[in-house]
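Residue-level structural notes
Residue-level listing of the chains:
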Amino acid sequence: MSKRVLIFDSGVGGLSVYDEIRHVLPNLDYIYLFDNAKFPYGELPAHELVHRCCGLISRVVARHPVDLVVIACNTASTQVLPSLRTLLSVPVVGVVPAIKPAAKLTRNGCIGLLATPATVSRPYTEKLILEFATHHRVLRCGSTELVIQAERKLAGEPVDQARIHEILAPWREADTSPDTIILGCTHFPLLKEEILLALPGVMLVDSGSAVARRVQSLVGGVNDAENGEAWAYCTRLDNKARLLQTALQSYGLESLIEWSE
Ligand code: DGL
């Protein structure tokens, strides 16, 4: 029997991580769960986020046993992992901002952390910066608007490039502009081209491939099944969610079902 992995995010951001995972492990079964009823996570108070993620994920896992859970969301991972791990008996892999790799890559010693408003101000993020980038200058930009632009892009709606330029303008004009940008929100790899248009020449770093390697080391590469099953759950199947169906299908997620308790 195929091993099954649950991938979780508030919206379509986790698809950027799922894509890396299924690239190295194409034969597993996948459930992609997104909590669009509570989107955006970057604006939720921390205690509400912990309560919501722990409740929802443990109920889904109780109905659909899985071998591993991936929290494909920096906003949730930087807050929820300890509580979630005490509730689940399977491994839980999180996604946190790639501060260590960015600190190794930068040439001018200036790094930009692009994430949600919650992630840029989390104590966990602070700890990562202190541990791996104390000798660098780390500029932070927390933006929910960019998260919404990524959702629009995958819904087939136009992306507002002028607005992306405006959001990132301080990093073009800073005395020392960052040469390396951490995409510390899983929605942002979906906007790579747009971000590069606004910040030409920068290096973009995300955690997707590191997470895929971690998943591979935990579930192992052995799998007899030719093609795994993959489907998506959302927490509210409204017209906005339906607009995402084409994008979900392009990631091999054939059906989109509303999760009901
Ligand atoms: N994709 C998410 C992250 O990595 C959350 C975006 C949001 O819902 O605000 O942080």
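Up top is the structure these notes are about.
This section reports on the structure supplied with the text. (Residues numbered from 1 in each chain as written. Predicted model: local features only at pLDDT ≥ 70, side-chain atom pairs only at ≥ 80, totals over all residues. Heavy atoms only, no water.)

**A short note on the sheet that holds strand β1 (residues 4-9)**
Within the open sheet, the six strands sit side by side as β4-β3-β1-β2-β9-β10. Their pairing is parallel. Of all the strands in the sheet, just β4 (92-94) and β10 (256-258) have a single pairing partner and so form its edges. Averaged over all pairs of adjacent strands, the angle between their axes in this sheet comes to 20°, without regard to strand direction. Pairing between strand β9 (residues 230-234) and β10: three bridges, direction parallel. Counted as the bridge partner of Ala 232 is Leu 256 from β10. (Pairing = 2+ DSSP bridges. Helix = DSSP H or I, 4+ residues; strand = E, 2+ residues; numbered from the N terminus. Axes fitted to C-alpha atoms, helices over the stretch in contact; angles between N-to-C directions.)

**Examining the sheet that holds strand β5 (residues 110-115)**
Strand order in the open sheet formed by four strands is β6-β5-β7-β8, with parallel pairing between adjacent strands. Taken across any chain shown, the strands that pair with only one partner, and hence form the sheet edges, are β6 (137-142) and β8 (203-205). Neighbour-to-neighbour, the strand axes of this sheet turn through a mean angle of 25°, independent of strand direction. Across four bridges, β5 lies against strand β7 (residues 180-183) in parallel orientation. Bridge pairing in β7 places Leu 113 opposite Ile 182.

**Some details on the environment of Leu 113**
Residue position: Leu 113 is located in strand β5. By relative accessible area, which is 0% here, Leu 113 ends up buried. Not counting chain neighbours up to four residues away, the residues in contact with Leu 113 comprise Pro 97, Val 120, Thr 125, Val 138, Leu 139, Arg 140, Cys 141, Trp 171, Ile 182 and Gly 184. (Buried < 20%, exposed > 50% of the residue type's maximum accessible area, 1.4 Å probe, protein only. Contact = heavy atoms within 4.5 Å.)

**Some words on the packing of aromatic side chains**
What describes a pair of aromatic rings is the distance from one ring centre to the other and the angle between the planes of the rings. Throughout the structure, instances matching the rule amount to six aromatic pairs. Consider the rings of Phe 8 and Tyr 41, whose centres lie 6.1 Å apart with planes at 50°: the pair is tilted. You can see Phe 8 sitting in strand β1 and its partner Tyr 41 sitting in the loop between β2 (29-34) and α2 (46-63), a full 33 residues away along the chain. As far as burial versus exposure is concerned, Phe 8 and Tyr 41 are alike and both buried. Geometrically, the ring pair formed by Trp 231 and Tyr 233 is edge-to-face, given 6.0 Å between the ring centres and 75° between the ring planes. Through successive ring pairs, a cluster of aromatic residues spans Tyr 18, Tyr 30, Tyr 32 and Phe 34. (Phe/Tyr/Trp six-rings, centres within 6.5 Å; stacked < 30°, edge-to-face > 60°.)

**As for the side chain of Asp 35**
Relative to the helices and strands, Asp 35 is located in the loop between β2 and α2. A relative accessible area of 0% places Asp 35 in the buried class. Dropping the residues within four chain positions of it, Asp 35 is found in contact with Phe 8, Asp 9, Ser 10, Tyr 41, Arg 52, Leu 56 and Thr 235.

**Some words on the state of the cysteines**
Taken as a whole and assessed by the stated rule, the structure comprises zero disulfides. Cysteine Cys 73 is unpaired, with the sulfur of Cys 185 as its nearest cysteine sulfur at 6.8 Å. Looking at Cys 73, the relative accessible area reads 4%, which means it is buried. The thiol of Cys 141 is unpaired, and the distance to the nearest cysteine sulfur, on Cys 185, comes to 11 Å. (Disulfide = S-S within 2.5 Å.)

**Thoughts on the site of the ligand**
Near the ligand you find 14 residues, and of these Ser 10, Tyr 41, Gly 42, Thr 75 and His 187 are the closest. Ser 10 is positioned with one of its side-chain polar atoms (N or O) 2.6 Å from an oxygen atom of the ligand. Note that an oxygen atom of the ligand is positioned 2.8 Å from one of the backbone N or O atoms of Asn 74. Its free accessible area being 300 Å², the ligand has 100% of it covered by the protein chains. Placement of the ligand is best described as lying within the largest cavity. (Near = heavy atom within 4 Å. Polar contact = N/O pair within 3.5 Å; in protein donor to acceptor, adjacent residues only side chain to side chain. Areas by Shrake-Rupley, 256 points an atom, 1.4 Å probe, with all protein chains shown as cover. 1 Å grid on protein atoms, 1.4 Å probe; cavity = no way out; pocket = protein on both sides within 12 Å on 5 of 7 lines; lining within 4 Å. Sits in = over half its atoms within 2 Å of the grid points.)

**A short note on the side chain of Thr 144**
Its place among the elements puts Thr 144 in helix α7 (residues 144-154). For Thr 144, a relative accessible area of 14% puts it in the buried group. Within the local environment of Thr 144, its side chain forms a polar contact with the side chain of Glu 43, the two groups lying 2.4 Å apart. For Thr 144, the residues in contact, after removing those within four places along its chain, are Pro 40, Glu 43 and Pro 117.

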